[in-house]
Amino acid sequence: MGVSIPVYLGWSESFIRPKFNPLNPDLNLENYLAALSSEAIRESIRKAAEDYNSLFSFNINNFKFARPGGKKPKPWSISNFNGSYSYQSNYRRNQQIEEFFLNTTQATLGYAYSNNTKFIRPFKKIKSKKLKLIRDFNFNLLPSSFTSQLQLNRLYSETQARNNNNFKQINPRLYDKNFTLNRNYNLAFPIARSLNVTYLANVEARIQEPYGEINSKEKQDSIWAEFEGFGRMRRFYQRTNATYTFPFSKISWLRWINGSATYNGSYEWNQAPPAFASLGNTIQNSQDINVTGQFNLSLLYMKIPWLKDYRKSKRVKIDPEDENYESALDRGKTELKKPNPLTVMLGDLITMVKNANVNITRKETTELPGFAHRPDYFGYNFYRTEPGIGFVFGLQDPNMRFNMANNGSLMSDERQANFYKNNITQNISGNITVEPLKDFRIRINFQRNETRGTQSIFKFDGNQWLDQGLTETGTYTISGLFLNTHFVKDLDQNENHPNPVFDNFLANRYTVATRLQQQDPRVSGGLVIDPATGYPVGYSKSSQDVIIGGFYAAYSGQDVGRSEIGLFPTLPMPNWSINYNGLSRIPGLSDIFSNVNIKHSYKGTYTVGNYQRNLQYDISAIATLGSDLIPKYQVADVTITEGFSPLFGMNITTKNNWTLGIEYKRMRVLKLFAASFNLTEMRQNEFVMNAGYRVTGLTLPVRRKGRKVYLPNDFRFDLAVTISDNTTVIRKIDVNVNRYTAGMLNVRINPSV
């Protein structure tokens, strides 16, 4: 068995002898020393004046045992181990430093083992293809790989300042120490072909050394005792990842579907500061779930016989009695018959949805200070059974802090001032590709994104555990469809410019207030009208939720009696982009144009920019006359953003390398400030025209030495002209103010050669 031990040994030293006395730079050092009578004093001063440095290093880089040829390693094989060692010692002295040395030691011991995964298939003898899902069932009992590493890092230095004064003074000897012992673990475990699990853990520990110089057996024994216990843990981190592929490919009629799910769970424990151990340790975890699905409907259509072959030409036998064939030899033969155009059109219509994708992501994190215990294994304290197996692998529990407080697992120090935090991010997105005609593609998109964060100082106030300063904040965005009101024009009434959609928004408030009152458990006894406002009790026309509900219903163009009126609409609406490039295939046009692309796009979003939980909200409150019910969330602003980018666009490329393009774009931004009862509307119309010419090798219309000048370089010319018209309108609720406050016409011409 061979052994590889790469060794590096290094030694260096340097002397800097000054010409002048460091303590009296006006005197030549050698002249000053020559005047002294004692050789011992001369040598002492000469040595102190020198700036001396030395460096010694010894390294073993990745020593390992060679693996015997042709033999598979066993888990206990010595060839699975490897290690490295590094020692460096630096010594220095000069006129200011009597003695300084710094010793650093780094050592690692690693282990790595991997084997070929063998999956067990208990039902592999089943022959039926219909039972493929059962026949291919498999599992594995052993991890495919495991690696671990022990890392030792020690820094030790001593510094003694030199006494350069005539009077006697005490210069203390300074010590600098840092001794850490870290462990890393990695495990890969394919439980089945479709289910893979990986695990990673990092442990950071510190070995506490005694104060001062390590000059006694007792001090050395205390260090060894710490080392044998792997030191004092100061941080533990682990991450678990599981990926599962859904077995749609095993079911013949579902092979057009692909899907997978991924779970990531992490956990971290951090030691409390040693000076404030009574505040407790900090624990935090995270959970990240992702589910994706792809639906290839083209494969589904291939499983339906008629849809599989509707475009194919078929070979049919010629009727012997058919008089269209004059030759008797042609009768009885076969001919290729093209499909019926109506059949092709119907087939294209049925199969126009080509594919679809959906992605769902949810990530949640929790951080809790004040944890009283230390982890044993996998971040879990087995004696106290805290913080729970689920928590150390990323599972979330909104009541965790209360349960742990009741179990005595949190420190009750009233000085606790760190925040408990819980953050949630949820994203849903998808798209559908539709091709009703050849070269005519429509891509439909939708999305919903939400973030929500909760934090408080969770502490014991001497009597009970409670959340101090509990706050909940978040944002919300969802794709919307506001096309019905986009082209409604303002009216012109001198300086006032009302809009029918805005008037409809104001009129919607009564219906919204009625619906909200009927859904609110704080109001009982059916519809009750507040005589002071003329609106349902608890919901006047200036109520935040009434204004926002009426705003969304009006500008989405929906019936206010059936539209979503809550702060957070749940159903994402479609956005789309359309491209058609089939014109260049038309005879006549194909001789002139190499590409003709027509495009159109629409995107609309509804955003709750920033909301915060209302501290005065009470679900048990009772509605009273003359006042509005307090909403659950206080909203800063709500925004509708929509745009056609473009409403219409066309790009043309000719056979002789000319490019032409035109686009007409429209955009609208509606920002509602419910607290100040006003709506800001920003509109933009933009027209863009592009022209360009590209050629390789250009002959200029000038002559040189009787010949036209030829440039072999690529020549490119582009011209872009943009005209944009921007308008800003502020509309005041219930004040009949609809005024243009800003506007700008911008023309940009950008040529480039």
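In the block above lies the structure referred to throughout.
Computed from a prediction, not measured in an experiment: that's the story for all the values here.

(A) Region of interest: the overall build of the chain. Looking only at helices and strands, one finds 11 helices and 29 strands in the chain. Since a compact globule built from 753 residues should have a radius of gyration of about 27 Å, the 40 Å found for the chain marks it as more spread out than a globular shape. If one aligns the C-alpha atoms of the chain with their principal axes, the spans along those axes are about 130 × 95 × 85 Å. Burial statistics for the chain: of 753 residues in total, 35% are counted as buried. Within the chain, residue pairs in contact and separated by at least 24 positions form 67% of the contacts whose partners lie at least 6 positions apart. About 44000 Å² of surface is accessible on the chain, with carbon and sulfur atoms providing 56% of the total. For the chain, the distance from the average site of its 90 positive side-chain charges to the average site of its 64 negative ones is 10 Å.

(B) Representation of the pattern of salt bridges within the structure. Using the criterion set out here, one finds 40 salt bridges in the structure. Ionic pairing is found between arginine 235 and glutamate 268, a salt bridge with its closest N-O pair at 3.1 Å. Highlighted residues: arginine 235 in strand β11 (residues 232-245) and glutamate 268 in strand β12 (residues 257-270), separated in sequence by 33 residues. Judged by its relative accessible area of 14%, glutamate 268 is buried. Here glutamate 663 and lysine 599 are joined by a salt bridge, their closest N and O atoms 2.8 Å apart. You can see glutamate 663 sitting in strand β26 (residues 658-673) and its partner lysine 599 sitting in strand β23 (residues 593-613), a full 64 residues away along the chain. Given a relative accessible area of 14%, glutamate 663 falls into the buried group.

(C) Summary view of the nonpolar core. Counting residues in each nonpolar core, the largest one holds 29 residues, and the members touching the most others are Phe505, Ile548, Phe551, Tyr555, Tyr606 and Leu672. Among the elements of the structure, β19 (465-479), α10 (500-519), α11 (544-555), β23, β24 (633-635), β25 (638-654) and β26 are those that each provide at least two residues to this core. In this structure, Val203, Leu368, Phe371 and Tyr420 belong to the second largest nonpolar core, which totals 18 residues.

(D) Layout of helix α2 (residues 39-49). Residues of α2 that are buried include every one of Arg42, Ala48 and Ala49, and no others. Within α2, the buried residues cover an arc of 135° as seen down the axis, which keeps them to one side. Buried-residue contacts for α2 involve β2 (7-16), α1 (29-34) and β5 (51-65). The opening residue of α2 is serine 38, an N-cap whose side-chain oxygen sits 3.4 Å from the backbone nitrogen of alanine 40.

(E) Region of interest: the pairing of β11. Note: strand β10 (residues 195-206) against β11, 12 bridges, orientation antiparallel. Opposite leucine 195, over in β11, you have tyrosine 244 as the bridge partner. Of the pairings in the sheet, the one linking β11 to β12 comprises 11 bridges and is antiparallel in character. Note on β12: the bridge partner recorded for arginine 235 is asparagine 270.

Each value, and the rule that gives it
- Residues numbered from 1 in each chain as written.
- Predicted model: local features only at pLDDT ≥ 70, side-chain atom pairs only at ≥ 80, totals over all residues.
- Heavy atoms only, no water.
- Helix = DSSP H or I, 4+ residues; strand = E, 2+ residues; numbered from the N terminus.
- Rg over C-alpha atoms; globule rule 2.2 N^0.38 Å.
- Buried < 20%, exposed > 50% of the residue type's maximum accessible area, 1.4 Å probe, protein only.
- Contact = heavy atoms within 4.5 Å.
- Areas by Shrake-Rupley, 256 points an atom, 1.4 Å probe, with all protein chains shown as cover.
- Lys, Arg positive; Asp, Glu negative; His and termini not counted.
- Charge placed at Lys NZ, Arg CZ, Asp CG, Glu CD.
- Salt bridge = Lys/Arg side-chain N within 4 Å of Asp/Glu carboxyl O.
- Core = buried A, V, L, I, M, F, W, Y, C linked by side-chain atoms within 4.5 Å.
- Arc of directions from axis to C-beta.
- Polar contact = N/O pair within 3.5 Å; in protein donor to acceptor, adjacent residues only side chain to side chain.
- Pairing = 2+ DSSP bridges.

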